[in-house]
Amino acid sequence: MTATAPTTPTPTPAAARAPRQGGRAGEWFLLYGLSTLGALVLSALLVEATGGDWRPVVNALLDGSLRKPGRWGETLGTAAPLLIVAVGTIISGKAGLINIGQEGQLFVGAAFATYFGFLIGGPGPLNVVLILIFGAIGGGLWAGVAALLKFWRNVPEVLSTLLLVTVGGQLVAYGLSQPWLLLAPLADRGNRNQVSTQLAEDNRLPRPEIFGNEVPLAAVIAVALAIIVSLVLARTVWGFRLRMLGRNPRAAQRSGVGQTRYGAAALMLSGAFAGLAGAAMLAGGGFSFGNYQLVPGFATNIGWTGLLVALVAREKALVAIPVAFIFAGLRTGSSFVGATGVEGRITDVIQGFLVLALLIPPAVMFLRDRRRARAAATERV
Amino acid sequence: MESGSTDPAGAVPAGAAPAVAFRNITKRFGAVTACDRVDLELHRGRIHGILGENGAGKSTLMKMLIGLVLPDEGSIRIDGESRAIHSPLAAANLGIGMVHQHFSLVDALTVWENVALGEAGRLDPGAIRNRIGEIAEQYGLVIDPDARVGELTAGLRQRVEIIKCLRRDPNIVIFDEPTSVLTPEESVQLFASLRQVVADEGRAVVLVSHKLDEVLHATDDISIMRQGQVVDRLLAAEADAPTLARGMVGREVSLRSERAALGVLSVDEANGFDDTPIAPTTGSTATSASDGRRPVLSITNASLRGSGGTPALQDLSLDLHAGEIVGVAGVEGNGQRELGDLLSSLLSLDSGSVSIDGTRVPDGRSGAMARAGIGVIPEDRHDSGIVLDMTLAENLVLVDQSAVAQRGVLDRRSLDRFARAMIDEFAIQCAGPDAPMWSLSGGNQQRVVLARELAQNPKVLIAAQPTRGLDVGAIEYMGERLEAAAEAGVAVLLISSELEEILDLSHRIVVMHSGRIVGEMTRSEVDLEQLGLLMGGAA
Ligand SMILES: Nc1ncnc2c1ncn2[C@@H]1O[C@H](COP(=O)(O)OP(=O)(O)OP(=O)(O)O)[C@@H](O)[C@H]1O
Ligand SMILES: [Mg+2]
């Protein structure tokens, strides 16, 4: 692997793949079971150690994510942007690119959506669509900066996307301080600083009520996108070529799948998904995501968590659907835990444990496969 | 110990426990039985050759000894003791080492770094370099420890693999097709020194190979595998090539391919070439270079600086006409790899140009060469020839999906149908069209490449080391297909480090040295002596 393949993943030697069949599903099941159990036990111990009782905490988690009126709708609403971000991450991952700047792309996307949403301000339903589209364009352009740096200047996208999170945050913060950009007129923001105007009623994504829960349209869009992307990657020529690029850039180069063209497209597309997630948060509203307006810290870790969802789902768009829901449940559930008298910050730690629990099995499997691969590559005396 | 029921009679001192005894070993992958109740013994002080068609189960059997594959049934005894070899580490602790069929080196690292990979504790570069020097001397495997692996030729990479294996002085050494990328001289030297070490230090060696001649000369005992079973055991001293070929394939194999596979074409024979069925049939193709027809492929004054700053291609010009097979002879590392990469759109030239039918093809632009009608069988299939993590069917349409897609959507059914047709035509052994490429045996992966490149109806076909890893029968078939392609009007460029292969198939031969064409002759006027001089850069 030389010349044209700067991102070539070291191919696993064929020999190392041999022992990879049989009992995989069982292993996965066992690993997830064990690690989740471990996280729960650790969390329980932690709660007990700080003078609390674990049972009410578990109840609170379930109440907050599912059981209390309106809560599963809320969880769905949180799952939607997580899933959209994750699906985008999967696209770039398939092309062999590591985008970790979703948090920034999401924020920039939301800012684009806000700015153009108000600038154009057309009739209701049409403007909602425009808001979503501009969110995607914003996120895509922001990832496009990283793509440009990579394919023009050879800057690794892992670095550039990450750095652009900070830069994007600064830029949007500036925009939020300027009335000619994003800052709402004084009349619309009371005496709050740095918020945009609230989207008008007819500029929001509908949340029809079903069984006492507001079911956000954003969740439906997210699931549809996950299904579409999974089909596109598996069934279309474009998806085929993207996978080829991710798996063997040299074979791809010979076959007419240029790094620059396909790689840049994949990276920008993944940014566009993050931006779309931002726009969906803006227009979808709900308890967790501001109030149909752009505020500082708007992204609230949805970008990072979405990246985790993709990681846990191991680059399978359909698997990301339930994973996003679980992560969303942790988030909405934990907001109820505070009420049990347990120190608020402890719920963050518990959430961390659970995230780790979901990340450990893929990591263990990855390390094991890699150890085998390395053993194959090196331990043959 | 069932006293040597599987031994060739009297070859081994009675009573000594074999170094390795496979007992009733079975390994299944889904519906495929890769190894079927195999009994096999390896003895200290002896080299054991294993022959068999592509997919016969040779590599799988060896991977069980090295702990990469676990047997479903049966047992493995090392020095008489039954052992469960769960991992390569366990195998290493038992003193077992293997040189694999496919490279597993890290291109970005240097030779000594690759050799040291996996070493526990602190690295001592000095000591490792010394050890590399020792091995180089002992086995005739000379190499620069500070060279970057990515810049080495296939032959030199193979040396690194072998040194990596030999560095820890394994008692039991497995070579899985080690010489497919070594020159005949290199392999002769390797096995001569190996033989000595084997005899002196009582090691047991396995050699898996498709080169009958090499197996006959380098080994003591020979086992032939067919469809997962050991079907024949003989002493090398009592065997001959036709018998082995028949034993492997289960039918007679034509003399010509035998000659290619055997590497038995001596200077004398080559000079008296009257018995060859290949001498250009019409004569017109051989002289086509000069008859004024427009070439299909022409490379004009191609120059390219290699990564080390030394020129990889120097002012190279070459014309290829429809219907001819042009052989590129030369010692490996004289620009052949760059020539192949250039025609695979993997390299851009510093100066010069490539045209097809008189139209310039932009070099280094992704897919341009393939679109212009250049098919390539690359010298290292894992580099740009296949995608291991995609399915067999997908690998058959890497370059062009138009036949199996409609409006940008893959038609699974027609892909499946196409793949099944190819599997039949090229006798690819696999679990089915959806088998992941990495699960195919080396020779079957090579067949996939051949099938794809031919199915694309190229104008020009670049075949670089096309028979690498193929069994005797498949080599014969490969030759037939190349000839048929030429007859159908394809211009074929055959790049090979095996002179026999070139002499066997080419109508015209050009010699490459230091990145340029230093000589050219038609098949009928070949003078082996002069050819040798040209290849050495002396003429
Ligand atoms: N990990 C695997 N999963 C599924 N099938 C496999 C796997 N490894 C090997 N096989 C199958 O087992 C059979 C034997 O393969 P093996 O690699 O042992 O052949 P081989 O004798 O080394 O052939 P070659 O001469 O082509 O290298 C083949 O049909 C191959 O497709
Ligand atoms: Mg093999």
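Along every chain, residues carry numbers that run from 1 in the direction the sequence is written. Chains carry letters from A onward and ligands carry numbers from 1 onward, assigned in written order. Local features in this predicted model are restricted to residues whose pLDDT is 70 or higher, and side-chain atom pairs enter the listing and the counts only when it is 80 or higher, whereas totals over whole chains, interfaces and linings include all residues. Values shown for side chains rest on all heavy atoms present in the structure; no hydrogens or waters enter the calculation.

**Some remarks on the overall build of chain B**
Alright, step 1. Helices and strands together make up the secondary structure of chain B, namely 20 helices and 22 strands.
Alright, step 2. Buried positions account for 60% of the 539 residues belonging to chain B.
Alright, step 3. Considering only residue pairs separated by 6 or more positions, chain B has 67% of its internal contacts joining residues 24 or more positions apart. Helix and strand definitions here come from DSSP, where helices need a minimum of 4 consecutive H or I residues and strands a minimum of 2 consecutive E residues; each element is numbered from the N-terminal end. Burial here depends on accessible area, computed with a 1.4 Å probe over protein chains only, as a share of the maximum for the residue type. Under 20% is buried, over 50% is exposed, and the range in between is partly exposed. Note on contacts: a residue pair qualifies if any of its non-hydrogen atoms lie within 4.5 Å across the two residues.

**Observations concerning the overall build of chain A**
Alright, step 1. When helices and strands are tallied, chain A shows 15 helices and two strands.
Alright, step 2. A burial count over chain A gives 53% of its 381 residues as buried.
Alright, step 3. Restricting the contact set of chain A to residue pairs at least 6 apart, pairs at least 24 apart contribute 74%.

**Things to note about the sheet that holds strand β1 (residues 20-29) of chain B**
Residues and elements named next belong to chain B.
Alright, step 1. If DSSP finds at least two bridges between two strands, the strands pair. The strand order β2-β1-β4-β5 describes an open sheet built from four strands, whose pairing is antiparallel. Each of the sheet's edge strands pairs with one partner strand only, and the pair in question is β2 (32-42) and β5 (81-83). When the angles between neighbouring strand axes are averaged without regard to direction, this sheet yields 30°.
Alright, step 2. Bridging between β1 and strand β4 (residues 73-78) involves five bridges; their strand directions are antiparallel. Each residue of the ladder has a partner; that of R23, found in β4, is S75. Each axis is a line fitted through C-alpha atoms, taken for helices only over the stretch in contact, and angles between the N-to-C directions span 0 to 180 degrees.

**Structural notes on the coordination of the magnesium ion (ligand 2)**
All names here are of chain B.
Alright, step 1. Water is absent from the atoms considered, so a metal site may look incomplete; donors are defined as N, O and S atoms within 2.8 Å of the metal, or 3.2 Å for Na, K and Ca. Protein-derived coordination of the magnesium ion (ligand 2) comes from S59 (OG) and Q101 (OE1), at a distance range of 2.0 to 2.3 Å. Here the residue S59 occupies a position in helix α1 (residues 58-65), and Q101 occupies one in the loop between β6 (96-99) and α3 (111-116), the gap between them amounting to 42 residues. Comparing S59 with Q101 shows no difference in burial state: the two are buried.

**Observations regarding the packing of helix α5 (residues 102-120) of chain A against helix α12 (residues 259-284) of chain A**
Residues and elements named next belong to chain A.
Alright, step 1. Axis separation between α5 and α12 bottoms out at 7 Å; the angle between their running directions is 55°. Taken together, the axes of α5 and α12 are oblique relative to one another. By crossing handedness, the relation of α5 to α12 is classed as right-handed. Of the residues in α12, those in contact with Q102, Q105, L106, G109, A110, A113 and T114 of α5 are S270, G271, A274, G275, A277, G278, A279, M281 and L282.
Alright, step 2. Throughout, the ten residues Ala, Val, Leu, Ile, Met, Phe, Trp, Tyr, Cys and Pro are labelled nonpolar, Asp, Glu, Lys and Arg are labelled charged, and all others, Gly among them, are labelled polar. Counted by class, the contact of α5 with α12 contains eight nonpolar, eight polar and no charged residues. To sort the angles, those under 35 degrees are grouped as roughly parallel, those over 145 as roughly antiparallel, those from 65 to 115 as roughly perpendicular, and the leftovers as oblique. By definition, turning the near helix anticlockwise from the far helix through less than a right angle yields a left-handed crossing, and turning it clockwise yields a right-handed one.

**Notes on the confidence of the model for chain B**
Residues and elements named next belong to chain B.
Alright, step 1. Across chain B, the average pLDDT comes to 85, with 89% of residues at or above 70.
Alright, step 2. Taking the mean pLDDT of every element in chain B, the minimum, 38, falls on helix α10 (residues 267-271) and the maximum, 97, on helix α15 (residues 392-395).
Alright, step 3. pLDDT is defined as a per-residue confidence score from the predictor, taking values between 0 and 100. Overall, residues 1-11 carries pLDDT values under 50, and its contacts beyond four positions in sequence, including any with other chains, amount to 21 contacts.
Alright, step 4. Quick note on the complex model: pTM equals 0.85, ipTM equals 0.84.

**Re the pairing of strand β3 (residues 46-52) of chain B**
Residue and element names in this part refer to chain B.
Alright, step 1. A large share of β3 lies buried, amounting to seven of its seven residues.
Alright, step 2. Side chains R46, H48, I50 and G52 of β3 all project onto a buried face; the interleaved residues I47, G49 and L51 project onto the opposite face, where all are buried too.
Alright, step 3. With five bridges connecting them, β3 and strand β8 (residues 204-208) associate as parallel partners. Residue pairing for β8: I50 is matched across the bridge by V208.

**With respect to the site of ligand 1**
Alright, step 1. When at least one non-hydrogen atom of a residue lies within 4 Å of a molecule or strand, that residue is treated as near it. G55(B), S59(B), T60(B), S441(B) and G443(B) are the nearest of the 23 residues found near ligand 1.
Alright, step 2. Each of chains A and B places residues next to ligand 1.
Alright, step 3. K58(B) is positioned such that a nitrogen or oxygen atom in its side chain is 2.8 Å from an oxygen atom of ligand 1.
Alright, step 4. Under this definition, polar contacts are N or O atom pairs within 3.5 Å; protein pairs additionally need one hydrogen-donor-capable and one acceptor-capable atom, and for neighbouring residues in sequence, both atoms have to be side-chain atoms. Between ligand 1 and H210(B) there is a distance of 2.9 Å, counted from an oxygen atom to a side-chain nitrogen or oxygen.

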